[in-house]
Amino acid sequence: MIFLDIAQDRYFRLTSPLEEAMRRFRAHEGVASTLLEHLATARILVEAPDLEARAAIANIQRPIRSAIEQPTAIAGHRLSVSIVFEVMAITWSTHRQLKTRTLKTNLDEASAYRDKKAGALGATTSTAREDDLLQANRQFARARRYVPIEPICLLDSLSLLRFLSRRGLSANIVFGVTSEPFVAHCWVQAGDMVLNETLSNAHAHTPIRMI
């Protein structure tokens with residue numbers, strides 16, 4: 001089991017005894033009270049207000065398409081200077097915020113800004129809206145090359161999400177992991193299409209959280 005603690009900005013695993021206890025608990029099997037206390041102390045388990053309470057499970061759709069692997073129909077369009085400066089400003093601002101604020105604060109703000117500007121992402125998108133997403137995604141990718149900051153998946157995903165939100169385009173950030181060896185990654189996804197990653201690389205990671 002791999003956990004993402006957004007409040008503490010860390011990934012972690014349990015010790016073998018605690019992981020076994022967690023698996024038994026999830027299977028409604030008997031667990032020693034001392035192990036349950038350890039899980040509760042670590043806030044892996046949290047007491048629910050009633051027996052009907054359940055933790056929300058995100059419905060993370062596995063992508064079947066990649067925007068960066070789609071045929072580029074408008075490659076000849078010029079990239080405006082205003083777009084370059086906009087992407088530069090967004091990326092620098094996001095870079096600074098990641099250094100000075102917690103991951104939870106950054107993700108909460110990005111989600112709230114997206115919902116305010118574009119609304120929560122629906123299960124499907126119209127053809128016209130998908131064309132807008134593809135065009136905006138290409139604009140961001142081309143302009144990002146002029147920003148003198150090393151590409152990092154979290155930085156670029158948060159920056160792209162804000163760039164899309166400013167245009168009324170909704171998307172999600174998906175966090176994924178691999179276990180052997182452990183690698184954490186994230187990307188921006190709209191419906192069944194990943195925007196800033198290849199399909200094979202997205203599929204190489206197991207999604208564990210969606211923002």
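Quick caveat: nothing in here was measured; it's all calculated off a predicted structure. (Residues numbered from 1 in each chain as written. Predicted model: local features only at pLDDT ≥ 70, side-chain atom pairs only at ≥ 80, totals over all residues. Heavy atoms only, no water.)

Participant: An account of the overall build of the protein is requested, with residue identities and associated values reported.
Facilitator: Scanning the protein from terminus to terminus reveals seven helices and seven strands. Listing every helix and strand of the protein by position from the N terminus yields β-β-α-α-β-α-α-α-α-β-β-β-α-β. Judged by the C-alpha coordinates and their principal axes, the protein covers about 65 × 35 × 35 Å. When each of the 211 residues of the protein is scored for burial, the buried share is 39%. Sequence separation of at least 24 residues holds for 70% of the intrachain contacts in the protein that already meet a minimum separation of 6. Total accessible area on the protein stands at roughly 12,600 Å², and carbon and sulfur atoms take up 53% of it. Counting 26 positive and 22 negative side-chain charges, the protein places the averaged centre of each group 8 Å from the other. (Helix = DSSP H or I, 4+ residues; strand = E, 2+ residues; numbered from the N terminus. Buried < 20%, exposed > 50% of the residue type's maximum accessible area, 1.4 Å probe, protein only. Contact = heavy atoms within 4.5 Å. Areas by Shrake-Rupley, 256 points an atom, 1.4 Å probe, with all protein chains shown as cover. Lys, Arg positive; Asp, Glu negative; His and termini not counted. Charge placed at Lys NZ, Arg CZ, Asp CG, Glu CD.)

Participant: Please set out the pattern of salt bridges residue by residue, giving values where relevant.
Facilitator: Counted according to the given criterion, the structure contains 12 salt bridges. A salt bridge links R65 to D192; its shortest N-O distance comes to 2.7 Å. Here R65, found in strand 3 (residues 65–66), pairs with D192, found in the loop between strand 5 (182–190) and strand 6 (193–194); they are 127 residues apart in sequence, far enough to count as distant. With a closest N to O distance of 3.7 Å, E109 and R162 form a salt bridge. With a gap of 53 residues between them, E109 in helix 4 (residues 103–117) and R162 in helix 6 (residues 153–165) connect regions that are remote in the sequence. The partly exposed category is assigned to E109, whose relative accessible area is 33%. On the basis of relative accessibility, which here comes to 25%, the residue R162 falls in the partly exposed class. Several salt bridges share partner residues, and in doing so they unite R65, E130 and D192 into one network. (Salt bridge = Lys/Arg side-chain N within 4 Å of Asp/Glu carboxyl O.)

Participant: Help me get a handle on the sheet that holds strand 7 (residues 206–210), residues and values and all.
Facilitator: Taken in spatial order, the five strands line up as 3-6-5-4-7 in an open sheet, and their pairing is mixed. Every other strand in the sheet has two partners, leaving strand 3 and strand 7 as the edge strands with one partner each. Alignment of strand 5 against strand 6, held across two bridges, turns out to be antiparallel. The residue bridging Q189 from the neighbouring strand is V194, located in strand 6. Relative to strand 5, helix 6 is tilted by about 10 degrees, and along the sheet it contacts strand 4 (172–179) and strand 5. (Pairing = 2+ DSSP bridges. Axes fitted to C-alpha atoms, helices over the stretch in contact; angles between N-to-C directions.)

Participant: Please give an account of helix 1 (residues 16–26) that cites residues and values.
Facilitator: Turning to helix 1, its buried residues number three or more, namely L18, E19, A21 and M22. Seen along its axis, helix 1 keeps its buried residues to an arc of 160 degrees; they face one direction. Phi turns positive one or two residues past the end of helix 1, at H28, with a value near 60 degrees. (Arc of directions from axis to C-beta.)

Participant: Help me get a handle on the state of the cysteines, residues and values and all.
Facilitator: Under the definition given, this model contains zero disulfides. We note that C153 lacks a disulfide partner, and the nearest cysteine sulfur, in C186, lies 3.8 Å from it. Overall, the relative accessible area of 28% leaves C153 in the partly exposed class. Residue C186 is classed as buried on the basis of its relative accessible area, which comes to 4%. (Disulfide = S-S within 2.5 Å.)

Fair warning: the whole summary comes from geometry, so function is off the table for now.
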